[in-house]
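Spelled out from the first residue to the last, the chains are:
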Amino acid sequence: MKFKKKILCIGAGYVGGPTMAMIAYKCPEYKVNVVDINPERISEWNSGKLPIYEPGLDEIVKAARGRNLFFNTDIEKGIKEADIIFVSVNTPTKKYGAGAGMAADLQYWEKTARQILECSESPKIIVEKSTLPVKTALAMERILTSTDNGIHFEVLSNPEFLAEGTAVKDLENPDRVLIGSSQTEEGLKARDELIEIYENWVPKERIITTNVWSSELSKLVANAFLAQRISSINAISELCEKTDADITEVSKAVGLDSRIGSKFLNASVGFGGSCFQKDILNLVYLCRHYGLDQVADYWEGVVKINDYQKDRFVLNMLKAMFNTLAGKKVCLFGFAFKANTGDTRESPAITVSRKLIEEKAELRITDPEALNNARNDLKDIKGKISFIEDPYEAASGSHAIAIMTEWDLYSELDYEKIFQSMNKPAFIFDGRNIADHNKLFEIGFNVYGVGRPPLTHF
Ligand SMILES: NC(=O)c1ccc[n+]([C@@H]2O[C@H](COP(=O)([O-])OP(=O)(O)OC[C@H]3O[C@@H](n4cnc5c(N)ncnc54)[C@H](O)[C@@H]3O)[C@@H](O)[C@H]2O)c1
């Protein structure tokens, strides 16, 4: 079949896989080729069990795969034949050298830029899909124009706003698609080519265009604002615990103000995921680079409250369970950083597990999608940890349950049966406030939510 244009995506992860599957699904006249350096990931994308769990993803991959959607490891060939190259490689927090623990690690990004330069034989549009520090497109352009091969590369910024767990819904019906381009004739032409793709399913008024720098910065700022709401409500949750106010009631009362809105106001054990922390730290690093220390301190506070909230959760467990967890069995309900994903990157469950092991507790971890990742995250820990599929089996014989992930499953379990199988007194620490606390208390549990007075039998 003759395709209108050939798209390549470098990086077949949580962003590259679903975004390209959606483009291929909605635009059969484009050939969409997704490549990665990781051959296992690619073979999973070609198999019946995709490498990531995301509701609705199987269906769109199956519909487009082999028709106009292809996954493979031949990056060189992919670059040669592509007209438009999306780059969605990982950009984690740097762990070494200058900016360690703060700045974005751009090594994967730069390797990709150099490979594009090396393999290209014709002009290309390069689309930044990864989340990058503002001004990265400039660095990209400098690399791409570092030889005099005469090939023109036009760099666009098109950050991805999907949330894991709702990626397919978010991609199908996005609040907005943001495209940043240079304001030159060539920049605007490239921008229009990208708009043409999205227009296949996204209403025109939701496709917004800016200069490249606004686009790059907007992605960091959007994540910083989202995380800031969670840290704000979590900061107030501790005050509720001291004053007998209830954070759920406070959130509702505050969120009903239409200027504030109700989303992202659920108190919890803290936010996780591969993006919020790294993007805020990246923003903080940028602010410090430009000498804006007050601005940097303000945003850094969002991450600090989040760390504090995770620490506080474990300290509350310790205090409630008579100041010792040594030898006690603690069952974690959920390990993913949120519901409907198997992703555990930066999950609060990792911090909580490590701290519980430091207290010499014995861990029993259950999760419907994240057990393999959990095993990997905790593989360096010396301590007693078991990974158990069935939540009833995991809870049996435990002294306490800690709900770490808001999977629907955990609000629907037969807690009467669970209580009967546990060590007494039985404790439940609901890090997501999803269970029916009054009912649990009636069953016999000592119940501790976040930002609420505990319900105890002593
Ligand atoms: N995960 C999210 O929810 C989300 C949402 C919006 C934006 N983002 C951003 O998107 C980017 C990608 O995130 P992700 O979660 O998909 O990461 P990921 O780690 O799941 O995927 C990145 C993939 O890139 C591959 N890769 C790395 N270097 C490569 C190279 N040189 N050539 C080919 N492949 C290479 C890796 O093997 C990996 O499979 C990040 O910048 C992230 O901040 C992520």
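Residues numbered from 1 in each chain as written. Predicted model: local features only at pLDDT ≥ 70, side-chain atom pairs only at ≥ 80, totals over all residues.

**Q** Let's hear about the packing of helix 9 (residues 212–243) against helix 10 (residues 247–255): which residues, and what values?
**A** Angle between the axes and distance between the axes are the two parameters that describe a pair of packed helices. Between helix 9 and helix 10, whose axes approach to 9 Å, the crossing angle comes to 135°. In terms of orientation, helix 9 lies oblique with respect to helix 10. Between helix 9 and helix 10 lies a crossing whose hand is right-handed. Between helix 9 and helix 10, the residues in contact are Ile-233, Ile-236, Ser-237 and Cys-240 and Ile-247, Val-250 and Ser-251, respectively. Along the lines of polarity and charge, the residues of the contact of helix 9 with helix 10 split into five nonpolar, two polar and no charged. (Axes fitted to C-alpha atoms, helices over the stretch in contact; angles between N-to-C directions. Helix = DSSP H or I, 4+ residues; strand = E, 2+ residues; numbered from the N terminus. Parallel < 35°, antiparallel > 145°, perpendicular 65-115°, else oblique. Left-handed = near helix turned anticlockwise from the far one by under 90°. Contact = placed C-beta atoms within 7 Å. Nonpolar A, V, L, I, M, F, W, Y, C, P; charged D, E, K, R; others polar.)

**Q** I'd like to hear about helix 8 (residues 185–198), residue by residue, with values.
**A** Here helix 8 is 14 residues long and its end C-alpha atoms lie 20 Å apart, about the 20 Å a rise of 1.5 Å per residue gives. Against the buried residues of helix 8 lie helix 1 (16–26), strand 2 (30–35), strand 5 (124–128), strand 6 (153–157), strand 7 (177–181) and strand 8 (207–211). (Expected span 1.5 Å × (residues − 1).)

**Q** Explain the site of the ligand to me, and be specific about the residues and the numbers.
**A** Near the ligand lie 26 residues; those nearest to it are Gly-11, Gly-13, Tyr-14, Ser-130 and Thr-131. Per-element tally for the shell around the ligand: the top contributor is helix 5 (residues 107–119), with three residues. Along the lines of polarity and charge, the residues of the shell around the ligand split into ten nonpolar, eleven polar and five charged. (Near = placed C-beta within 6 Å.)

**Q** Talk me through the packing of helix 1 against helix 3 (residues 57–64); I want residue IDs and the actual numbers.
**A** The geometry of helix 1 relative to helix 3 is characterised by a closest axis approach of 9 Å and an angle of 50° between their N-to-C directions. Taken as axis vectors, helix 1 and helix 3 run oblique relative to one another. Regarding helix 1 and helix 3, the two cross each other, and that crossing is left-handed. Contacts from Pro-18, Ala-21, Met-22, Ala-24 and Tyr-25 in helix 1 reach Leu-57, Ile-60, Val-61, Ala-63 and Ala-64 in helix 3. Per-class residue counts for the contact of helix 1 with helix 3 are ten nonpolar, no polar and no charged.

**Q** Can you explain the domain arrangement of the protein? Please cite residues and give values.
**A** Entries for the protein in the domain assignment read domain 1 (5–202) and domain 2 (212–458). A straight line from the C-alpha centre of domain 1 to that of domain 2 covers 32 Å. Contacts between the two partners involve 28 residues from domain 1 and, on the opposite side, 26 residues from domain 2. By residue number, the principal contributor to the side of domain 1 that touches domain 2 is strand 7, which donates four residues. Of the residues in the side of domain 1 that touches domain 2, the class split is 16 nonpolar, nine polar and three charged. (Domains from an automatic or database assignment.)

**Q** I'd like a description of helix 11 (residues 276–289), backed by residues and values.
**A** In this model helix 11 runs 20 Å from its N-terminal to its C-terminal C-alpha over 14 residues, within 8% of the 20 Å that 1.5 Å per residue would give. Most of helix 11 sits out of view: eleven of its 14 residues are buried. Taken together, the buried positions of helix 11 are Phe-276, Gln-277, Lys-278, Asp-279, Ile-280, Leu-281, Asn-282, Leu-283, Val-284, Tyr-285 and Leu-286. Residues of helix 11 that are buried make contact with helix 9 and helix 12 (293–320). Directly beyond the C-terminal end of helix 11, a positive phi value near 80° is found at Gly-291. (Buried ≥ 20, exposed ≤ 12 C-beta atoms within 10 Å, placed from the backbone.)

**Q** Go over unusual backbone geometry with me, naming the residues and quoting the values.
**A** In terms of backbone geometry, most residues other than glycine have negative phi values and most peptide bonds are trans. The residue after Lys-424, namely Pro-425, is reached through a cis peptide bond having omega -5°. For Pro-425, the location among the structural elements is in the loop between helix 16 (415–421) and strand 13 (427–430). A positive phi angle is found at Phe-264, which is not glycine, with a value near 60°. Locating Phe-264 in the fold gives a position in the loop between helix 10 and helix 11. If you check the backbone angles, Asn-323 has positive phi at about 60° while not being a glycine. Structurally, Asn-323 is set in the loop between helix 12 and strand 9 (329–333).

**Q** Talk me through the sheet that holds strand 11 (residues 385–387); I want residue IDs and the actual numbers.
**A** With respect to topology, six strands assemble into an open sheet ordered 11-10-9-12-13-14, the strand pairing being parallel. Each having just a single partner strand, strand 11 and strand 14 (446–448) make up the two edges of the open sheet. Each strand of the sheet is rotated relative to its neighbour by a mean of 20°, with strand direction disregarded. Sheet analysis places strand 9 next to strand 12 (residues 400–403), joined by four bridges and oriented parallel. Pairing of Cys-331 across the sheet is with Ile-401, part of strand 12. Its contacts with the sheet place helix 12 against strand 12, strand 13 and strand 14, and it is angled at close to 160° to strand 14. (Pairing = 2+ DSSP bridges.)

**Q** Explain the pairing of strand 12 to me, and be specific about the residues and the numbers.
**A** Regular strands place side chains that alternate from one sheet face to the opposite one. Across the two faces of strand 12 the burial is the same, with Ala-400 and Ala-402 and Ile-401 and Ile-403 all buried. Two strands pair when backbone bridges link them, and strand 12 and strand 13 are joined in this way by four bridges, in the parallel orientation. Residue Ala-400 lies in a different strand from strand 13, and its bridge partner there is Phe-427.

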